[in-house]
Amino acid sequence: MSEDVRLVAWVRGRVQGVGFRWYTRAKALEIGGLSGFALNLDDGRVQVVAEGSREGCQGLLDWLQGDDTPGQVAGVTEIWDTPRGGYDGFAIR
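Residues numbered from 1 in each chain as written. Predicted model: local features only at pLDDT ≥ 70, side-chain atom pairs only at ≥ 80, totals over all residues. Heavy atoms only, no water.

The name an unreviewed UniProt entry gives the protein chain is acylphosphatase, with Streptomyces spinoverrucosus as the organism. UniProt annotates the protein chain under Catalytic activity (unreviewed entry) with the comment "an acyl phosphate + H2O = a carboxylate + phosphate + H(+)". Regarding the protein chain, the UniProt comment filed under Sequence similarities (unreviewed entry) reads as follows: "Belongs to the acylphosphatase family." (UniProt positions renumbered as here; feature names shortened; annotations may be inferred.)

Caption draft 1: Summary view of helix α1 (residues 20-31). Between its first and last C-alpha, α1 extends 16 Å over twelve residues, near the 16 Å set by a 1.5 Å rise per residue. Those residues of α1 lying buried are Phe20, Thr24 and Ala28. Down the axis of α1, the buried set is contained in an arc of 75°. They therefore lie on one face. α1 presents Trp22 and Glu30 as exposed residues on the side facing more than 90 degrees away from its buried surface. Within two residues after α1, Gly32 carries a phi angle of roughly 85°, on the positive side. (Helix = DSSP H or I, 4+ residues; strand = E, 2+ residues; numbered from the N terminus. Expected span 1.5 Å × (residues − 1). Buried < 20%, exposed > 50% of the residue type's maximum accessible area, 1.4 Å probe, protein only. Arc of directions from axis to C-beta.)

Caption draft 2: Spatial organisation of the packing of aromatic side chains. Scanning the model with the defined rule gives three aromatic pairs in all. Pairing Trp22 with Tyr23 gives two aromatic rings, centres 5.0 Å apart and planes at 85°, and the pair type is edge-to-face. Overall, the relative accessible area of 42% leaves Tyr23 in the partly exposed class. Between the NZ or CZ atom of Arg93 and the centre of the ring of Phe37, over which it lies, the distance is 4.0 Å. (Phe/Tyr/Trp six-rings, centres within 6.5 Å; stacked < 30°, edge-to-face > 60°. Lys NZ or Arg CZ within 6 Å of the ring centre and 35° of its normal.)

So, in structure tokens, the structure goes:
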């Protein structure tokens, strides 16, 4: 049985203006079973919130930390929590 979790990740580097949020949404949809959003922050980071199976959220985090993302990721800070719900799919904000 898979445990549902909430992943909040802050991605820093050259991650705005390069389609990062769009590709993050596409990856979340490809993984399947994830809901949440990707949001540009005023300080240049992108915040990603994903809820779903631990395996799915870990897969998204692995992608965020990998070399296949658009732009250039300098680092990712993440927090794991219990899901809060209330998301309809995976959105770009």
